[in-house]
Amino acid sequence: MPFAVRLPHMSEAKPVLTVGITTRNRHDSLQRCVESLRLLDHLSPEILIFDDASDVPVADTLIAQPRLRIIRDDRGPGNIVGRNTLMSQASADAVLLLDDDAALLEAAGIERALEIMSRDSDVAAIAFAQANEDGRPWPETMQPGRGQSPRYVAAFIGFAHLLRRDVFLRLGGYRERFVFYGEEKEYCLRLLDHGLRVVYLPDALVIHAQDASGRTPQRYLRYVTRNDCLNALYNEPLRRVVWLVPARLALYFRMRARWGVDDPAGLLWILKEVAANAGAALRARKPVSRRTLAAWRRLRDGTAPYPPAIEQRP
């Protein structure tokens, strides 16, 4: 079972923001991420870290910070369970989830995101832009949306995103059966089906210095394909499931060939995993509406402007 370690100077007052970080065996990246949170000291955020069974416990290596608490799970349940745990234990109504290889560049983007979420109840998540360590943004094609002004988007990128906690808990959080990858897209589809939106702030840059530890292209392709199939079983009308699942499997082969990935046992692993989880997914399925699917398709190009009248309202 998870247990908590409280570090000194933990404030008992309800914060305006909780920052949650999931980590496993990336101590240097985690330290940089935590140190960057000093940019938010004026907000007195609660900081929660989920230690996903790191070989050397985070509590033994991390330099202590005010208002910081470590939650360790020796079972190593994975990133998605970690994120759900952070959301359930957060004290604030708004939660900024960060990967351990992310780091803040400035506070203004976070403050702007909090402001939008506080005044627009239809916005349940804020997406941030990926940047290099020197502050240069990643190419537009690798961002949640397009252009230089705020946009409604279909989904955020999980490296850094701000969530409305009550909505997250009400919708059941991330699908823990996904284990790794794809949980953000599936959650955003459910958000949209409940009439809620994701807004992307292109000028709110957050460093994403990708740490290769724990990542392989084989693992990525396997889980992306597996979880796209499960997403269809959970959320798509049956008329679409019958062709979406084979299409996802075909895409696996195209991506494997394009990237030159050697994974001869990959398809068998994916089929076994989908079969093992299909029953639970089908029992829990709640197909989204045609209207939601149409809205999702419209939002996928990332160009839908976030209304200036809402954004600038005092």
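Look above for the structure.
The residue numbers shown here count from 1 along each chain, following its written sequence. pLDDT decides what is reported in this predicted model: residues at 70 or higher carry local features, side-chain atom pairs at 80 or more are listed and counted, and totals for whole chains, interfaces and linings draw on all residues regardless. Only heavy atoms go into the side-chain values, all of them from the structure, while hydrogens and water stay out.

**Q** Mind showing me how you'd approach helix α3 (residues 79–89) here?
**A** Because the α-helix completes a turn every 3.6 residues, residues three or four places apart line up on one side. Within α3, nine of the 11 residues are buried, which leaves the element mostly enclosed by the surrounding structure. Of all the positions in α3, only N79, I80, V81, G82, R83, N84, T85, L86 and M87 are classed as buried. When accessible area is computed with a 1.4 Å probe and restricted to protein chains, residues below 20% of their type maximum are described as buried, those above 50% as exposed, and intermediate ones as partly exposed. By the criteria applied, helices consist of DSSP H or I runs no shorter than four residues and strands consist of E runs no shorter than two, each listed in order from the N terminus.

**Q** Explanation requested: unusual backbone geometry in the structure shown.
**A** Excluding glycine, a negative phi dihedral is what most residues carry, and trans is how most peptide bonds are arranged. Backbone geometry places A53, a non-glycine residue, at a positive phi of 60 degrees. With respect to the helices and strands, the residue A53 is situated in the loop between β3 (46–51) and α2 (58–61). For A53, a relative accessible area of 11% puts it in the buried group. Of note in the backbone geometry, Y181 takes a positive phi value of approximately 70 degrees without being a glycine. In this structure Y181 comes out as partly exposed when scored by relative accessible area, which is 25%.

**Q** Which parts of the structure should I look at to understand the nonpolar core?
**A** Proteins that are soluble and globular tend to have nonpolar side chains buried together. Nonpolar cores are built from buried Ala, Val, Leu, Ile, Met, Phe, Trp, Tyr and Cys residues. Side-chain atoms within 4.5 Å join them into one set. Formed by 93 residues in total, the largest nonpolar core has its most connected members in L17, I126, F128 and L162. It is strand β7 (residues 123–131) that provides the largest number of residues to this core, a total of eight residues. Throughout, a contact is declared for two residues whenever any of their heavy atoms are within 4.5 Å. In this view, I126 contacts A113, I116, M117, H161, L162, V199 and L201; residues no more than four positions away in its chain are not counted.

**Q** What's the story with the packing of aromatic side chains in this structure? I'm lost.
**A** Aromatic ring pairs: the centre-centre distance and the angle between the two ring planes describe each pair. A pair of aromatic rings is counted whenever rings of Phe, Tyr or Trp (Trp by its six-membered ring) have centres within 6.5 Å, and the orientation is called stacked for planes under 30 degrees apart, edge-to-face for over 60 and tilted otherwise. Here the structure, examined in full by the defined rule, presents 11 aromatic pairs. Both rings, one in F168 and one in Y174, keep their centres 5.0 Å apart while their planes meet at 80 degrees; by these two values the pair is edge-to-face. One exposure class covers both F168 and Y174, and it is buried. Note on F178 and Y234: the rings are 6.2 Å apart at their centroids and 45 degrees apart in plane angle, and the pair reads as tilted. With F178 in the loop between α5 (165–170) and α6 (183–193) and Y234 in helix α7 (residues 217–235), the pair connects residues that are 56 residues apart, well separated along the chain. By relative accessible area, Y234 is classed as buried at 4%. Site record: aromatic cluster; members linked through ring pairs are F180, Y181, Y220, Y223, W259 and W269. Think of it as a cone above the ring: NZ of Lys or CZ of Arg counts as a charge over the ring if it is within 6 Å of the ring centre and within 35 degrees of the ring normal. The ring of F180 carries R219 above its face, with NZ or CZ at 3.7 Å from the centroid.

**Q** Honestly, the environment of E186 in this entry has me stumped. Any pointers?
**A** With respect to the element layout, E186 can be found in helix α6. The spatial distance from the C-alpha of E186 to the C-alpha of Y174 is 8.0 Å, given a sequence separation of 12 residues. With residues near it in sequence (within four places) discarded, E186 still touches R175, F178, N231, Y234 and N235. Of note is the side chain of E186, whose polar atom sits 2.9 Å from the side chain of R190. Think of a polar contact as two N or O atoms within 3.5 Å of one another; within protein, one of them needs to be a possible hydrogen donor and the other a possible acceptor, and neighboring residues in sequence only count if both atoms come from side chains. At a separation of 2.9 Å, a polar atom in the side chain of E186 contacts the side chain of N235.

So, to be careful, I would describe these as geometric facts and stop short of saying anything about function.
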